[in-house]
Every structure is written in C-alpha cells, then in structure tokens.
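Now for the letters of each chain:
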Amino acid sequence: MYSYPLARQCNFMIKTLRWREGTDCCSWDGVTCNMKTGHVIGLHLRCSRLHGTLHSNSTLFFLHHLQKLDLSYNDFNGSVISSSFGQLLHLTHLNLNSSNFTGQVPPEISHLSRLASLDLSYNNFLLMLEPISFNKLAQNLTQLRELYLSEVSMPLVAPSSFMNLSSSLTSLKLGYCRLQGELPDNVFRRSNLQLLVLWSNGELTGSFPPYNLSNALSYVDLSRTRISIHLEPDSISHLKSVEMMFLDGCNFAGSNLGLLGNLTQLRGLGLESNQLGGQIPFSLGKLKQL
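Please read these numbers as outputs of a predicted model, since none were measured by experiment. (Residues numbered from 1 in each chain as written. Predicted model: local features only at pLDDT ≥ 70, side-chain atom pairs only at ≥ 80, totals over all residues. Heavy atoms only, no water.)

Draft legend 1. Looking closely at the overall build of the protein chain. A count of helices and strands for the protein chain gives 3 helices and 18 strands. If one aligns the C-alpha atoms of the protein chain with their principal axes, the spans along those axes are about 70 × 40 × 35 Å. Split into buried and exposed, the 290 residues of the protein chain put 49% on the buried side. Restricting to contacts in the protein chain with at least 6 residues of sequence separation, those with at least 24 account for 61%. Counting every atom, the protein chain has about 14100 Å² of accessible surface; 49% of that belongs to carbon and sulfur. (Helix = DSSP H or I, 4+ residues; strand = E, 2+ residues; numbered from the N terminus. Buried < 20%, exposed > 50% of the residue type's maximum accessible area, 1.4 Å probe, protein only. Contact = heavy atoms within 4.5 Å. Areas by Shrake-Rupley, 256 points an atom, 1.4 Å probe, with all protein chains shown as cover.)

Here you go:
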C-alpha cells in the first residue's frame, strides 16, 4: 500500500497539449460536458504534467457545475488547497492525490456535501488535517463512500472521531497519518466497509476484529500498527469475505493461527515480522486461492 514513483503511475498523455483557444472545450481531452446545457461537469487531468501554484482566483473555480475533478499526479508546487474548492458544490468526486499540495486541509472541503469520493493522499507528508476540520468533514459528507487520506498528517485527530464517518463509507485509507490512541471497539458499528487501510500508524492501538465490523470487508491492512490481533471463533466469522489481509509487524502472537484456514476467500496474507512460533497450521494449506 505504499506510494510509487510518478513514472510508474502515469503514461504522461498530456491532455492539455491538444486544447486550443477558440474551439469547443467540450471536445477537449479530459473535459466532460452536459450535452444539454453545455456546462463542464468533469475534468479528468490525471498525469497531465500540470505545474505551478494553484491560486484561489483560478478560473477552475468558476466551473460551478463540476461534478468530477481529478488533478492527481501533477505538481502544484507546494500550493495550499484553496478554500475556493468549497465553492464547487456539485462535486461528487475530488482527487488531489500525489500533486504536491501542502498546508492545512481547508475546512471548506466539508461544504462539498455531495462528495462520494475524496482522495488527498500522498502529498509528500506535507498536508495536515486538524481535528475541527476532520470532524466537519465527517459530519457533513454524509454521502461519502471513499475516503483516502494516506500520508496526511493528523496526529491530533482522535480515533473515536471515525465513528462519525458516513455509514455509506465502503473504502477508508488512512495509512501513515501519524494517528495515535485507541480505536474504540464499536468504531465501525454503522459502516459498510469493504476496504480498511491503517498501515504504519505506529501509535494506533485497539483490537481487531473490532465489534460489529462489516461482514463485507474484503481488504484490510493493519501493518506496523500496535493494534492487537484477536482470532477467536466468534470474531473470525466477521472476516469470511476477506480476500487480502496484511498484519505485518503487529506483534501478533496468536495461538489460533489455524482459524485463518476458515477464511476461504483469502488470496493474500501478510504475517511478516510477528512473534509466531510452532507448526504452520495444516488448515492454511486448504486455502486454494491464497
């Protein structure tokens, strides 16, 4: 779940090279329009080698009908994420992954109440999220299904705050966010999580599986946290749909390793750097998809 160099993520099809002033922008690469109104509703500019500071008076923020905006894998030269993003009230998808933004995530992001997907990950550890802004985000983005904040620094955000996230949430990535404290047992009590990533939060504690974990969970990465792993017959029943599970460096010393043989959907399993001993359970050999 670690970030990769830009060259591995991009094929560098620079869409803006074909943009010509005086021509219909709805015909430009990366631009989607509502064919009835002519309004621009989508900008898909991933890996377009955009660079320079993104100012708050940019004409981007005049596109008030935008629904999907992808500026990932560009270089905005250490710009702050402008509060003007909060004016794009029709946004359902916002992706600023790996685009060299810095500073505080503005609370105005919480104005985007229609967001279904928000990705602010992998901005060189230079983005920060304060508790007030996170709480506003959690309370106002009630339609959110995907929240990706890996490498956004948020050490003061209490893990109990996750209880306020939308019950619609299916994917949550909070890798290397400097989280600390204990995850409450009922933290995901209302969730429909299918993907949970918390890797490299070395001061994050709690137990796994937590109380009332979604039975739909298919991908979980708790590597290099201090979350305790408790495999019991009752708890393993919550993990029946898990396909990928990474528990590397969790000080997992469980004696019930054989119970993993009940997770018949497993395709990937990481148990590196733990305190396991004894025989490898015969039941793991029955996992035909592993």
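So, next bit.
Draft legend 2. Main features of empty space enclosed by the protein. Throughout the structure, instances matching the rule amount to 2 cavities of 30 Å³ or more. Looking at the largest cavity, its volume works out to about 80 Å³. Taken together, 11 residues line the largest cavity, and the ones lying closest to its centre are Phe 162, Leu 165, Ser 166, Val 187 and Ser 191. Split by residue class, the lining of the largest cavity holds 6 nonpolar, 3 polar and 2 charged. Roughly 60 Å³ of volume is contained in the second largest cavity. What lines the second largest cavity is simply Leu 183, Pro 184, Val 187, Phe 188, Leu 196, Leu 198, Ser 207, Phe 208, Pro 210, Leu 222 and Ile 227. Its residues assigned to classes, the lining of the second largest cavity shows 10 nonpolar, 1 polar and no charged. (1 Å grid on protein atoms, 1.4 Å probe; cavity = no way out; pocket = protein on both sides within 12 Å on 5 of 7 lines; lining within 4 Å. Points joined across faces, edges and corners; volume = space filled by probe spheres on them. Nonpolar A, V, L, I, M, F, W, Y, C, P; charged D, E, K, R; others polar.)

Draft legend 3. Molecular detail of the pattern of salt bridges. Inspection of the entire model under this criterion finds 2 salt bridges. A salt bridge links Glu 203 to Arg 226; the nearest nitrogen and oxygen atoms lie 3.3 Å apart. Taken together, the positions of Glu 203 in strand β13 (residues 203-205) and Arg 226 in the loop between β15 (219-221) and β16 (228-229) put the pair 23 residues apart, joining distant regions of the chain. We classify Glu 203 as partly exposed; its relative accessible area is 46%. (Salt bridge = Lys/Arg side-chain N within 4 Å of Asp/Glu carboxyl O.)

Draft legend 4. Molecular detail of the state of the cysteines. By the definition in use, this model includes 1 disulfide. The disulfide bridge from Cys 26 ends at Cys 33, spanning 2.1 Å between sulfur atoms. Every disulfide takes its handedness from the sign of the S-S torsion; for Cys 26 and Cys 33 that torsion is -90 degrees, giving left-handed. The thiol of Cys 177 is unpaired, and the distance to the nearest cysteine sulfur, on Cys 250, comes to 16 Å. Of the residues examined, Cys 177 reaches a relative accessible area of 0% and is grouped as buried. The class of Cys 250 is buried, set by a relative accessible area of 4%. (Disulfide = S-S within 2.5 Å.)

Draft legend 5. Representation of the layout of surface pockets. The space that makes up the largest pocket amounts to roughly 340 Å³. In terms of lining residues, the largest pocket is bounded by 16 residues, among which Trp 19, Leu 43, Leu 45, Thr 59 and Leu 60 are the most central. Here the lining of the largest pocket is composed, by residue class, of 13 nonpolar, 3 polar and no charged.

Draft legend 6. Quick peek at the UniProt feature "domain: Leucine-rich repeat-containing N-terminal plant-type" (unreviewed entry) in the protein chain. UniProt annotation of "domain: Leucine-rich repeat-containing N-terminal plant-type" (unreviewed entry) refers to residues 18-34 when read in the numbering used here. Segment residues 18-34 splits into 0% helix and 18% strand. End C-alpha atoms: 21 Å apart. (UniProt positions renumbered as here; feature names shortened; annotations may be inferred.)

Draft legend 7. The nonpolar core, seen in detail. If you look at the biggest cluster of nonpolar residues, it comprises 76 residues, and the most contacted ones within it are Leu 69, Phe 85, Leu 94, Leu 118, Phe 162 and Phe 208. Elements supplying a minimum of two residues to this core: β1 (31-33), β2 (40-44) and α2 (131-140). Looking at which element gives the most residues to this core, the answer is α2, with 3 residues. In contact with Phe 208, not counting residues within four places along its chain, are Leu 213, Leu 217, Val 220, Leu 222, Ile 227, Ser 228, Ile 229, His 230, Leu 239 and Met 245. In terms of nonpolar packing, the next biggest core, distinct from the first, is built from 6 residues, Tyr 122, Val 197, Trp 199 and Tyr 219 among them. (Core = buried A, V, L, I, M, F, W, Y, C linked by side-chain atoms within 4.5 Å.)

Draft legend 8. Fine view of the side chain of Ser 82. Take Ser 82: it is sitting in the loop between β4 (79-80) and β5 (93-95). Not counting residues within four places of it along the chain, the set of residues in contact with Ser 82 comprises Ser 56, Phe 61 and Pro 106.

Draft legend 9. Region of interest: the sheet that holds strand β8 (residues 127-128). One open sheet accounts for 3 strands, arranged β4-β6-β8; its pairing is parallel. The open sheet is flanked by β4 and β8, the only strands paired with a single partner. Across 2 bridges, the pairing between strand β6 (residues 101-104) and β8 is parallel. The partner of Gln 104 across the bridge, within β8, is Met 128. (Pairing = 2+ DSSP bridges.)

Draft legend 10. Layout of the packing of aromatic side chains. For the structure shown, the criterion picks out 7 aromatic pairs. Seen from their ring centres, Trp 19 and Trp 28 are 4.8 Å apart, and the 25 degrees between their planes marks the pair as stacked. You can call Trp 19 partly exposed: its relative accessible area is 23%. Between Tyr 176 and Trp 199, the ring centres sit 6.2 Å apart and the planes meet at 75 degrees, which makes this aromatic pair edge-to-face. Taken together, the residues Tyr 176 in the loop between β10 (171-173) and β11 (180-182) and Trp 199 in the loop between β12 (195-197) and β13 connect sequence positions 23 residues apart. Through successive ring pairs, a cluster of aromatic residues spans Phe 125, Tyr 176 and Trp 199. When the ring centre of Tyr 148 is taken as reference, the NZ or CZ atom of Lys 173 above it lies at 4.7 Å. (Phe/Tyr/Trp six-rings, centres within 6.5 Å; stacked < 30°, edge-to-face > 60°. Lys NZ or Arg CZ within 6 Å of the ring centre and 35° of its normal.)

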